[in-house]
Amino acid sequence: MSALAAEAAVLASEGIALPRLPGQRARLRSVPSSGGSRGEQPKDHPLRLGRKTRLRLLKAVRALLADPAIAGQPDVARLASVVLFAKSRAPEGGEDDCVTSTWVAELGRWMGVGESTVHRRGLALLRESDALHTEEVRDRYGYPTGLKCLLMPVWRARHGRAAGHPLALDKAELATLLRLCEALFGPGWAATDKKAATPAGLLAGRRGRGAATDRLGLLLLVLSTPASGWLNLCGGSVRQREGRAAATLARLLSCSPASARKVLARLEADGVLERPRKETSTKMRGKGRVRILPVAHANGRALAAVPAPAPSEEVQGPGPVFRCVLLVQAEILLRPMTSPPLGRLGSARWKRPKTRRSWGVPLVQSPTQTTLVGVLSWMRSR
């Protein structure tokens, strides 16, 4: 302790207040320790990425999917290219640089599809577009034991003259991308003598139709989400039926907003994201947001549930906005049938009855129309 600090402590013990300097805080603020809420997850969690690393991987994946030889292909082929890219060898000056050693059944486990789908909608289309070169590996008896794959966009990026290409990832970045894919949709592996067990990913159990699309969509959503877990939605005008979240995913997947809305619904059913809405005073749908739950959990964010609106003691009637909407809908329902029924021989023999109208309500009413008339009378009186 310095001399000034000791003198200040003595004066404080005697009850003498020292003058405070301009800009000096009245008291020190408590700083949380490093072992707080974020200490629940390890620092090397696969989903806990820094901003620079996350944007670097997102740029690489989007550059691969935007390659002319891969763009426009089915989602099975696009996801296969991403998996082969993540499992490729880093350039070390050897013959196996940028080469991925795998087999068809293993690729099917990664993508949640069968071997025939991998052949027909994945590898065959990539070979035709010159995006993939493959070579079978056989044993001494001539039986195939594996498959060597070389992605040509990655090979051109590493052997081209353009410096800083998005696909030119180093060994650490490729390892980070592979661990991220394993945590999201990796099939999982049992423990061996040399390696520990690898748990299955979040979407490992998702198989069949749309499995490749869901995996690719989740990967792009995770790479587009900051540490808070809230997805940055796109701007501009979007269709009201699909919403801004579906438009954001549609831009990432290069698909229609209607297809992206189905992907979001499946991912929400799998429990990897939530779409809460803010409560408004008019009781209408508020601003919607998308939260990627695994990202928020990996970064130590509290996953508080969205509170339900508290029920009021008095039963309140509908507001003026809803009263107007209900009036319009009820009067539309009360209009008489305009399509005549078909006769015995299929010709129209029915004539529209001539009835007087009062507020769009015919004089001859059914029991349902009578109930609606009563509702209309009650709402007009309020």
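Residues numbered from 1 in each chain as written. Predicted model: local features only at pLDDT ≥ 70, side-chain atom pairs only at ≥ 80, totals over all residues. Heavy atoms only, no water.

1. Describing the overall build of the protein
Piece 1. Across its full length, the protein carries 13 helices and nine strands.
Piece 2. Looking at the protein as a whole, 34% of its 382 residues qualify as buried.
Piece 3. At a minimum sequence separation of 6, the contacts of the protein that also span at least 24 residues come to 56%. (Helix = DSSP H or I, 4+ residues; strand = E, 2+ residues; numbered from the N terminus. Buried < 20%, exposed > 50% of the residue type's maximum accessible area, 1.4 Å probe, protein only. Contact = heavy atoms within 4.5 Å.)

2. What about the packing of helix 4 (residues 104–111) against helix 5 (residues 115–128)?
Piece 1. At their nearest, the axes of helix 4 and helix 5 sit 9 Å apart, and the two run at 85° to each other. Relative to helix 5, the element helix 4 is oriented roughly perpendicular. Seen from helix 4, the contacting residues are Val104, Ala105, Leu107, Gly108 and Met111; seen from helix 5, they are Glu115, Val118, His119 and Leu123.
Piece 2. Tallied by class, residues from the contact of helix 4 with helix 5 come to six nonpolar, two polar and one charged. (Axes fitted to C-alpha atoms, helices over the stretch in contact; angles between N-to-C directions. Parallel < 35°, antiparallel > 145°, perpendicular 65-115°, else oblique. Nonpolar A, V, L, I, M, F, W, Y, C, P; charged D, E, K, R; others polar.)

3. Here's the deal with helix 4
Piece 1. Burial analysis of helix 4 places six of its eight residues in the buried class, which makes it a mostly covered element.
Piece 2. Buried within helix 4 we find Val104, Glu106, Leu107, Gly108, Trp110 and Met111.
Piece 3. On the buried face of helix 4, the contacting elements are helix 3 (75–86), strand 1 (99–102), helix 5, strand 3 (144–151), helix 7 (171–185) and helix 8 (211–223).
Piece 4. The positive-phi residue at the C-terminal boundary of helix 4 is glycine 112, with phi of around 75°.

4. Comments concerning the pattern of salt bridges
Piece 1. Summed over all chains, the structure comprises nine salt bridges.
Piece 2. Glutamate 106 is paired through a salt bridge with arginine 109; the nearest N and O atoms lie 3.5 Å apart. Taken together, the positions of glutamate 106 and arginine 109, both in helix 4 and three residues apart, correspond to about one turn of that helix.
Piece 3. A relative accessible area of 7% means that glutamate 106 is categorised as buried. (Salt bridge = Lys/Arg side-chain N within 4 Å of Asp/Glu carboxyl O.)

5. With respect to the sheet that holds strand 2 (residues 132–138)
Piece 1. The strand order 1-3-2 describes an open sheet built from three strands, whose pairing is antiparallel. Strands at the two margins of the open sheet, each flanked by one partner only, are strand 1 and strand 2. Taken over all neighbouring pairs, the strand axes of this sheet differ in orientation by 25° on average, direction set aside.
Piece 2. Pairing geometry for strand 2 and strand 3, over seven bridges, is antiparallel. Counted as the bridge partner of histidine 133 is leucine 150 from strand 3.
Piece 3. Its contacts with the sheet put helix 6 (residues 152–159) on strand 2 and strand 3, and the angle it makes with strand 3 is roughly 50°. (Pairing = 2+ DSSP bridges.)

6. What about unusual backbone geometry?
With glycine set apart, most residues show a phi of negative sign, and most peptide bonds adopt trans.
Piece 1. Notably, aspartate 130 is not glycine yet its phi reads approximately 60°, a positive angle.
Piece 2. Inspection of the secondary structure assignment puts aspartate 130 in the loop between helix 5 and strand 2.
Piece 3. In this structure aspartate 130 comes out as partly exposed when scored by relative accessible area, which is 38%.
Piece 4. Positioned with a positive phi, serine 254 is a non-glycine residue whose angle comes to about 55°.
Piece 5. With respect to the helices and strands, the residue serine 254 is situated in the loop between helix 9 (244–253) and helix 10 (257–269).

7. Things to note about the nonpolar core
Piece 1. Counting 73 residues, the largest nonpolar core has Phe85, Phe185 and Leu221 as the members making the most contacts within it.
Piece 2. No other element matches the nine residues that helix 3 contributes to this core. (Core = buried A, V, L, I, M, F, W, Y, C linked by side-chain atoms within 4.5 Å.)

8. Points about the side chain of threonine 248
Piece 1. Here threonine 248 lies in helix 9.
Piece 2. If sequence neighbours within four positions are ignored, threonine 248 has contacts with Leu231, Asn232, Leu233 and Cys234.

9. Quick notes on a positive patch on the surface
Piece 1. A cluster of basic residues, Arg244, Arg251, Lys278, Lys287 and Arg289, forms a positive patch at the surface.
Piece 2. With respect to the secondary-structure elements, arginine 244 resides in helix 9.
Piece 3. We classify arginine 244 as partly exposed; its relative accessible area is 32%. (Patch = residues over 30% accessible without salt bridge, like charges linked within 9 Å, V, L, I, M, F, W, Y side chains within 5 Å. Areas by Shrake-Rupley, 256 points an atom, 1.4 Å probe, with all protein chains shown as cover. Lys, Arg positive; Asp, Glu negative; His and termini not counted. Charge placed at Lys NZ, Arg CZ, Asp CG, Glu CD.)

10. A few points about the packing of aromatic side chains
Piece 1. Summed over the entire model, instances satisfying the criterion amount to two aromatic pairs.
Piece 2. Here the aromatic rings of tryptophan 110 and phenylalanine 185 are separated by 6.1 Å at their centres, their planes lie at 80°, and the arrangement is edge-to-face. Of this pair, tryptophan 110 sits in helix 4 while phenylalanine 185 sits in helix 7, and the two are 75 residues apart along the sequence.
Piece 3. Taking relative accessible area as the criterion, tryptophan 110 reaches 1% and is therefore assigned buried.
Piece 4. Ring plane angle 55° and centroid distance 5.7 Å describe the contact between tryptophan 110 and tryptophan 189, whose orientation is recorded as tilted. One end of the pair, tryptophan 110, is in helix 4; the other, tryptophan 189, is in the loop between helix 7 and helix 8, and 79 residues separate them in sequence.
Piece 5. By way of ring pairs, the aromatic residues Trp110, Phe185 and Trp189 are connected into one cluster.
Piece 6. Taking the ring centre of tryptophan 230 as reference, the NZ or CZ of arginine 289 above it sits at 4.2 Å. (Phe/Tyr/Trp six-rings, centres within 6.5 Å; stacked < 30°, edge-to-face > 60°. Lys NZ or Arg CZ within 6 Å of the ring centre and 35° of its normal.)

11. Some thoughts on the environment of arginine 140
Piece 1. Note on placement: arginine 140 falls in the loop between strand 2 and strand 3.
Piece 2. Looking at arginine 140, its side chain comes within polar contact range of the side chain of tyrosine 141, at 3.0 Å. (Polar contact = N/O pair within 3.5 Å; in protein donor to acceptor, adjacent residues only side chain to side chain.)

12. Section: the confidence of the model for the protein
Piece 1. Confidence in the prediction for the protein averages 76 pLDDT; 66% of positions are at 70 or higher.
Piece 2. Counting contacts from residues 305–318, a segment whose pLDDT is below 50, to residues more than four positions away or on other chains yields six contacts.
Piece 3. Predicted confidence for residues 337–348 stays below pLDDT 50, and this span has seven contacts to residues more than four positions away or in other chains. (pLDDT = per-residue confidence, 0-100.)

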